[in-house]
Amino acid sequence: QKEVEQDPGPLSVPEGAIVSLNCTYSNSAFQYFMWYRQYSRKGPELLMYTYSSGNKEDGRFTAQVDKSSKYISLFIRDSQPSDSATYLCAMSAQAGGTSYGKLTFGQGTILTVHP
Amino acid sequence: GAGVSQSPRYKVAKRGQDVALRCDPISGHVSLFWYQQALGQGPEFLTYFQNEAQLDKSGLPSDRFFAERPEGSVSTLKIQRTQQEDSAVYLCASSLATGTLNTEAFFGQGTRLTVV
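Residues numbered from 1 in each chain as written. Chains lettered and ligands numbered in written order. Predicted model: local features only at pLDDT ≥ 70, side-chain atom pairs only at ≥ 80, totals over all residues. Heavy atoms only, no water.

Engineer: So what's going on with the sheet that holds strand β8 (residues 75–79) of chain B? Which residues, and what values?
Structural biologist: Residues and elements named next belong to chain B. Read across the sheet, four strands follow the order β1-β3-β8-β7 without closing on themselves; strand pairing throughout is antiparallel. Each edge of the sheet is formed by a strand with only one pairing partner; in this case those strands are β1 (5–7) and β7 (65–68). Between one strand and the next, the sheet's axes are offset by a mean angle of 15°, whatever the strand orientation. Note: strand β3 (residues 19–24) against β8, five bridges, orientation antiparallel. Bridge assignment links Cys 23 to a residue of β8, and that residue is Ser 75. (Pairing = 2+ DSSP bridges. Helix = DSSP H or I, 4+ residues; strand = E, 2+ residues; numbered from the N terminus. Axes fitted to C-alpha atoms, helices over the stretch in contact; angles between N-to-C directions.)

If you want it as structure tokens, here you go:
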């Protein structure tokens, strides 16, 4: 079993829909939680970053972390065709006394928003 | 340049051939990571450099994989005697972080390696 599980989809929604993307994880040491967006043939780009449990909002995007359930979510409101991409959750833990941002990714969810 | 630059963008290698993939991180970034992304999968960690020191190479899949960053800037990932299972996108990322986690890692566009 992988440390981070993410439903690969694909997910297809109409423009304007609310999109919910989720990941579960098994490593209790994870404390930093991120969502990356990856367009086809491009590198991942950071969308949202959250430390520990809680919510964070940035424009149309909301990230939620529930450490007690080992579950994280990304919500996209008023989805646009330009949001069509692969969304990757990623997590990081403190490695002993040295933290350096080594990321463990989910498989990625392919999202298509059609006009 | 403004971002992380990787070259070549695409590489086709015959099985058994050696390849070298280059990463030019953002100037001044201390941390450099290599990840391997198989088709339809998320990136998987290969190795980490802090300046010129390779502090973690736990993700390198075999001794055919070797990475270096001799002057603490440009890094090269070398794969010897390539096999079909090495076909993937190899991503490089850099960040300012040293000892802290809350700085963004910027990814390059990757090198797509196809072994035939």
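Engineer: Describe the pattern of salt bridges, with residues and values.
Structural biologist: All names here are of chain B. Evaluated as defined, the whole model comprises seven salt bridges over all chains. Residue Asp 24 is joined to Arg 22 by a salt bridge in which the shortest nitrogen-to-oxygen separation is 3.0 Å. Under the relative-accessibility criterion, Asp 24 is labelled partly exposed at 27%. Close ionic contact of Lys 78 with Glu 68 constitutes a salt bridge, the shortest N to O distance being 3.4 Å. Of this pair, Lys 78 sits in strand β8 while Glu 68 sits in strand β7, and the two are ten residues apart along the sequence. (Salt bridge = Lys/Arg side-chain N within 4 Å of Asp/Glu carboxyl O. Buried < 20%, exposed > 50% of the residue type's maximum accessible area, 1.4 Å probe, protein only.)

Engineer: Requested: an account of the interface of chain A and chain B, with residues and values cited.
Structural biologist: It is common to give the size of an interface as the accessible area lost on bringing the parts into contact. On the chain B side, the residues contacting the 22 residues of chain A number 24 residues. Where chain A abuts chain B, roughly 2000 Å² becomes buried across the two surfaces, and 53% of that area is made up of carbon and sulfur atoms. Joining chain A to chain B, the criterion identifies one salt bridge. Between the two partners, chain A and chain B, sit seven residue pairs in polar contact (both at pLDDT 80 or more). Per-class residue counts for the side of chain A that touches chain B are ten nonpolar, eight polar and four charged. (Contact = heavy atoms within 4.5 Å. Buried area = accessible area lost by both parts, 1.4 Å probe. Polar contact = N/O pair within 3.5 Å; in protein donor to acceptor, adjacent residues only side chain to side chain. Nonpolar A, V, L, I, M, F, W, Y, C, P; charged D, E, K, R; others polar.)

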